[in-house]
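A look at the structure
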Amino acid sequence: MKVLKFGGTSVGSVKNITNVKNIINDGNKKIVVLSAMSGTTNELVAIANHIKDENSNEAINKIHKLHEIYSLTIDELLIDKTLNNETKNYVSDIFSLLINSTYKPFSNILENTILAQGELLSTYIFNCYLKQEGIRSAILPALNFMRIDTAKEPDLPYIKKHFETVFNTAETSDVYITQGFICLDVDDKISNLQRGGSDYTATIIGAVIKAEEVQIWTDIDGMHNNDPRHVENTKPISNLSYDEAAELAYFGAKILHPQTVTPVREYNIPVSLKNTMNPEAHGTLISSITSENGIKAIAAKDNITAIKIKSGRMLQAHGFLKKVFEVFEVYETSIDMITTSEVAVSLTIDDDRNLDKIVAELEKFALIEVDKNQSIVCLVGHSVVNHEYTYKLFKILKDVKIRMISYGGSKNNISLLINADDKVKTLRKLNNYLFELVTV
Ligand code: ADP
Ligand code: ASP
Ligand code: MG
């Protein structure tokens, strides 16, 4: 069986929902993972933030506006009176729950409950639409099987066991629909797999059922060789290895959640990235096959903080790096890049929630400098470190201030740390020289 995931834009308009129906209606049994309709999760985040700031009037305004948008979409999509009424009742209950949330004290659980409503809405509406169109479908409630453990990683044995129960007790159907993104935590409270997490839901399910393939349907024809939001003339990459896709997703290619390939790579399950608005396009196939050497793509990750840790004769003092890493371990903060010299070590983090505490600990044994607002630009490709243009990088980027460089950590990745203000310029320059073959 295949797992097909459709993102926000794919379920964000009546026209696109019709495309989705045409894609899935091929007579084969399948599991369909849906995101919230486009814009919904951002609005829910804004609503939660207003509640946090005790600005309930703003929150209530936003909830009413969102409810209106849903009512209009339902009227356009569901012409069957009974299904239309049934859906509107369900949707009204969800919006009442949101209004009630504005009277409650803010908490993480309240926030996660608010954020979860987008996927509950989209799956319910889509299921009713398929029924209207005469397609046999059933909902597999994600909160009955998707769970994260104490390390906030998917609890695969739990998910496998509970998914099987939910699947086997569902009404026999051709299309089994489930919510992306949402899950329970170890205390059975509502949580999520972080923004963009529906991709991750799809590959987690793919791994537990040993799917034939996982397809991620979105609004672009696969992984492009640079960020299309900032660079013109980017091109889709037809094949990527799991390693290359993992590097690109981790280092900022927004098309994939950073952990997407992790669950499926060990089972060799292919992941195909496809465009809902152009299903004929090949898109990108992610598999264990590695192709020719070279720079395949460039990605960038924002909101990076660089920390320089200075101490007299750092490298001679064995145990120094251990002390440094222990501080990050205590605050459960992962390090992305690291460079060392005789007197200092520089490293980067993207989660700065515990930055003040980390700096206070490090200052007990070293001098600390912090630079916020940095970006990591990452070049990815099989054996990219050996590519014929790699030696020209410094020349290509001669007017960009490079703060750190990581080369050789893996053969598939070269990362540069730069000021966020230089990001777009850097992406464009690299694109010209690496893909448009402008000479230097
Ligand atoms: P969905 O809602 O379907 O999950 P996303 O917005 O999460 O879609 O991801 C698709 C978007 O990712 C594209 O519209 C594009 O703007 C952005 N993107 C960023 N980098 C890349 C890249 N290298 N290749 C393709 N898309 C990218
Ligand atoms: N709806 C969630 C988000 O916007 C999950 C997803 O779209 O993948 O982050
Ligand atoms: Mg996404």
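In short, a report on the structure. (Residues numbered from 1 in each chain as written. Chains lettered and ligands numbered in written order. Predicted model: local features only at pLDDT ≥ 70, side-chain atom pairs only at ≥ 80, totals over all residues. Heavy atoms only, no water.)

**Looking at helix 2 (residues 40-52)**
- Between its first and last C-alpha, helix 2 extends 18 Å over 13 residues, near the 18 Å set by a 1.5 Å rise per residue.
- The complete set of buried residues in helix 2 reads T40, T41, L44, A46, I47, A48, H50 and I51.
- On its buried face, helix 2 sits against helix 3 (56-77), helix 4 (81-101) and helix 5 (108-132).
- Positive backbone phi, at 55 degrees, marks E54, one or two positions downstream of helix 2. (Helix = DSSP H or I, 4+ residues; strand = E, 2+ residues; numbered from the N terminus. Expected span 1.5 Å × (residues − 1). Buried < 20%, exposed > 50% of the residue type's maximum accessible area, 1.4 Å probe, protein only. Contact = heavy atoms within 4.5 Å.)

**Some details on the pairing of strand 11 (residues 297-310)**
- Counting buried positions along strand 11 gives ten out of 14 residues, so the element sits mostly inside the fold.
- Pairing analysis gives eleven bridges linking strand 11 to strand 14 (residues 367-380), with the strands arranged antiparallel. Bridge pairing in strand 14 links A306 to D371.
- Judged from the six bridges that link them, strand 11 and strand 13 (residues 344-349) form a sheet pairing that is antiparallel. From the neighbouring strand, A306 faces strand 13, where its bridge partner is T348. (Pairing = 2+ DSSP bridges.)

**Quick word on the sheet that holds strand 16 (residues 413-419)**
- If you walk across this open sheet you meet the six strands as 12-13-11-14-16-15, and the pairing is antiparallel. Pairing within the sheet leaves two strands with one partner each, and these edge strands are strand 12 (335-340) and strand 15 (402-410). Along the sheet, successive strands turn relative to each other by an average axial angle of 30 degrees, direction set aside.
- In this structure, strand 15 lies alongside strand 16, joined through six bridges in antiparallel fashion. By the bridge assignment for strand 16, M404 is matched with L417.
- Sitting on the sheet, helix 10 (residues 320-330) is in contact with strand 11, strand 12 and strand 13, with an inclination near 20 degrees to strand 13.
- Helix-sheet contacts for helix 11 (residues 355-362) involve strand 11, strand 13 and strand 14, and the interaxial angle to strand 14 is about 120 degrees. (Axes fitted to C-alpha atoms, helices over the stretch in contact; angles between N-to-C directions.)

**A word on the packing of helix 2 against helix 5**
- It is the contact of helix 2 with helix 5, at a shortest axis distance of 9 Å, that shows an interaxial angle of 160 degrees. As judged from the angle between their axes, helix 2 and helix 5 are roughly antiparallel. Both helix 2 and helix 5 take part in a crossing whose hand is right-handed. Each of T40, T41, L44, V45, A48 and I51 in helix 2 lies in contact with helix 5, whose residues at this interface are L110, E111, I114, L115, Q117, G118 and E119.
- Of the residues belonging to the contact of helix 2 with helix 5, the class tally is seven nonpolar, four polar and two charged. (Parallel < 35°, antiparallel > 145°, perpendicular 65-115°, else oblique. Left-handed = near helix turned anticlockwise from the far one by under 90°. Nonpolar A, V, L, I, M, F, W, Y, C, P; charged D, E, K, R; others polar.)

**As for the pairing of strand 12**
- The sheet contact formed by strand 12 and strand 13 spans four bridges and is antiparallel. What sits directly across from T339, in strand 13, is S346.

**Brief notes about the nonpolar core**
- Within the largest apolar cluster, 104 residues are counted, with the highest numbers of intra-cluster contacts made by F6, I24, F126, F145, M223 and I286.
- Take this core: its biggest share by element is twelve residues, from helix 5.
- If you look at the next biggest cluster of nonpolar residues, it comprises 19 residues, including I295, I298, L430 and F435. (Core = buried A, V, L, I, M, F, W, Y, C linked by side-chain atoms within 4.5 Å.)

**Focus: the site of ligand 2**
- Every residue near ligand 2 is listed here: S35, A36, T41, E119, F181, R195, G196, G197 and S198.
- Within the side chain of R195, one N or O atom sits 2.7 Å away from an oxygen atom of ligand 2.
- Contacts to ligand 2 include G197, whose backbone N or O atom sits 3.4 Å from an oxygen atom.
- Split by residue class, the shell around ligand 2 holds two nonpolar, five polar and two charged. (Near = heavy atom within 4 Å. Polar contact = N/O pair within 3.5 Å; in protein donor to acceptor, adjacent residues only side chain to side chain.)

**Points about the site of ligand 1**
- The local shell around ligand 1 holds 16 residues, among which K5, T218, D219, H224 and K254 are the closest.
- A distance of 3.0 Å separates an oxygen atom of ligand 1 from a polar side-chain atom of K5.
- Contact distances for ligand 1 include 3.1 Å between an oxygen atom and a backbone N or O atom of G8.
- Taking 570 Å² as the accessible area of ligand 1 by itself, protein coverage stands at 85%. (Areas by Shrake-Rupley, 256 points an atom, 1.4 Å probe, with all protein chains shown as cover.)

**Topic: the packing of helix 2 against helix 3**
- Running from N to C, helix 2 and helix 3 cross one another at 160 degrees; their axes reach a closest spacing of 8 Å. By the angle class used here, helix 2 and helix 3 are roughly antiparallel. Helix-helix and strand crossings are classified by hand; for helix 2 and helix 3 the assignment is left-handed. Taken together, the residues of helix 3 that come into contact with helix 2 (itself represented by T40, E43, L44, A46, I47, H50 and I51) are S56, E58, A59, K62, I63, L66 and Y70.
- Grouping the amino acids of the contact of helix 2 with helix 3 by side-chain chemistry returns eight nonpolar, three polar and three charged.

**Remarks on the sheet that holds strand 4 (residues 175-179)**
- Strand order across the open sheet formed by eight strands is 3-4-2-1-7-9-10-8, with mixed pairing between neighbours. Either end of the sheet is taken by a strand with one partner, and the two such strands are strand 3 (137-139) and strand 8 (239-241). Across the sheet, the mean angle from the axis of one strand to that of its neighbour is 20 degrees, orientation sign disregarded.
- Taken together, the five bridges between strand 2 (residues 30-34) and strand 4 define a ladder with parallel strand orientation.

Distances and angles like these do not, on their own, reveal function.
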